[in-house]
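Okay, here's what each chain looks like letter by letter:
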Amino acid sequence: MHQQHEFYIKRCIELAARAALNQEVPVGALIVRDGEIIAEAENQPISSCDPTAHAEICCIRQAASVVSNYRLNGCTLYSSIEPCLMCAGAVMHARLDAIVYGAPEPRGGAVSGGVNYFQALSHLHKIDVYGEVLASECRELIQQFFRSRR
């Protein structure tokens with residue numbers, strides 16, 4: 001399973017690099033259902049003038065349209081970076097089965113950082129979380145982007 005996760009995170013890295021070329025924070029995401037990528041997106045809040053246009057949110061919207069349902073049961077979200085609280089909430093509401101992410105986001109992440117959103121006992125839906133897949137590659141992309149902007 002780990003090789004499968006790496007395959008999809010590598011695609012997320014490609015999407016993140018595309019975001020960086022567009023001067024967006026380099027985050028890429030995709031959703032897999034039955035071994036097939038059904039949606040993919042990169043960060044686009046700056047270009048779309050939409051603060052909610054994180055890669056994960058755009059991907060969830062696209063996947064819901066593809067399956068013609070607001071519930072994404074049987075799907076896994078892959079993201080190059082640990083999702084923020086907004087994206088974690090969207091994952092929960094979409095009823096995704098799992099989330100796999102690359103680099104942790106110690107300041108804004110809501111999965112393994114201080115918030116640990118998916119660990120709340122009050123949630124009616126359980127989401128499996130797999131973190132730090134190809135973390136160094138994902139982290140390097142983000143760090144390189146911000147170094148170039150200083």
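Because the structure is a prediction, the values reported are computed rather than measured.

**A look at the sheet that holds strand E3 (residues 75-81)**
In spatial order, the strands read E2-E1-E3-E4-E5; together these five strands make up an open sheet with mixed pairing. Each end of this open sheet is capped by a strand with a single partner; those strands are strand E2 (36-42) and strand E5 (128-130). Mean inter-strand twist for the sheet, computed between neighbouring axes without regard to direction, equals 15 degrees. Looking at chain direction, strand E1 (residues 28-33) and E3 are connected through five bridges and run antiparallel. Residue Ile31 lies in a different strand from E3, and its bridge partner there is Leu77. Its contacts with the sheet put helix H3 (residues 55-67) on E1, E2 and E3, and the angle it makes with E2 is roughly 140 degrees.

**Digging into the pattern of salt bridges**
Side chains that carry opposite charge are capable of pairing whenever their charged atoms lie near each other. As enumerated under the stated definition, the model contains six salt bridges in all. Its salt-bridge partner being Glu14, residue Arg11 comes within 2.8 Å of it at the nearest N-O pair. A residue pair is termed a helical-turn pair when its members lie 3 or 4 positions apart in one helix, as Arg11 and Glu14 do in helix H1 (residues 2-21) at three residues. Salt-bridge contacts for Glu40 lead to Arg11; the nearest nitrogen and oxygen are separated by 2.6 Å. With Glu40 in strand E2 and Arg11 in helix H1, the pair connects residues that are 29 residues apart, well separated along the chain. The class for Glu40 is partly exposed, based on a relative accessible area of 24%. The network of salt bridges with shared partners includes Arg11, Glu14 and Glu40.

**A short note on the nonpolar core**
One finds Ile9, Ile31, Leu96 and Phe118 to be the most contacted residues of the largest nonpolar core, which totals 47 residues. Breaking this core down by element, the ones donating at least two residues are H1, E1, E2, H3, E3, helix H4 (85-94), strand E4 (98-103) and helix H5 (135-149). Aside from chain neighbours lying at most four places away, what touches Leu96 is Ile31, Ile60, Leu72, Cys75, Thr76, Leu77, Val91, His125 and Ile127.

Reading the values: rules and limits
- Residues numbered from 1 in each chain as written.
- Predicted model: local features only at pLDDT ≥ 70, side-chain atom pairs only at ≥ 80, totals over all residues.
- Heavy atoms only, no water.
- Pairing = 2+ DSSP bridges.
- Helix = DSSP H or I, 4+ residues; strand = E, 2+ residues; numbered from the N terminus.
- Axes fitted to C-alpha atoms, helices over the stretch in contact; angles between N-to-C directions.
- Contact = heavy atoms within 4.5 Å.
- Salt bridge = Lys/Arg side-chain N within 4 Å of Asp/Glu carboxyl O.
- Buried < 20%, exposed > 50% of the residue type's maximum accessible area, 1.4 Å probe, protein only.
- Core = buried A, V, L, I, M, F, W, Y, C linked by side-chain atoms within 4.5 Å.

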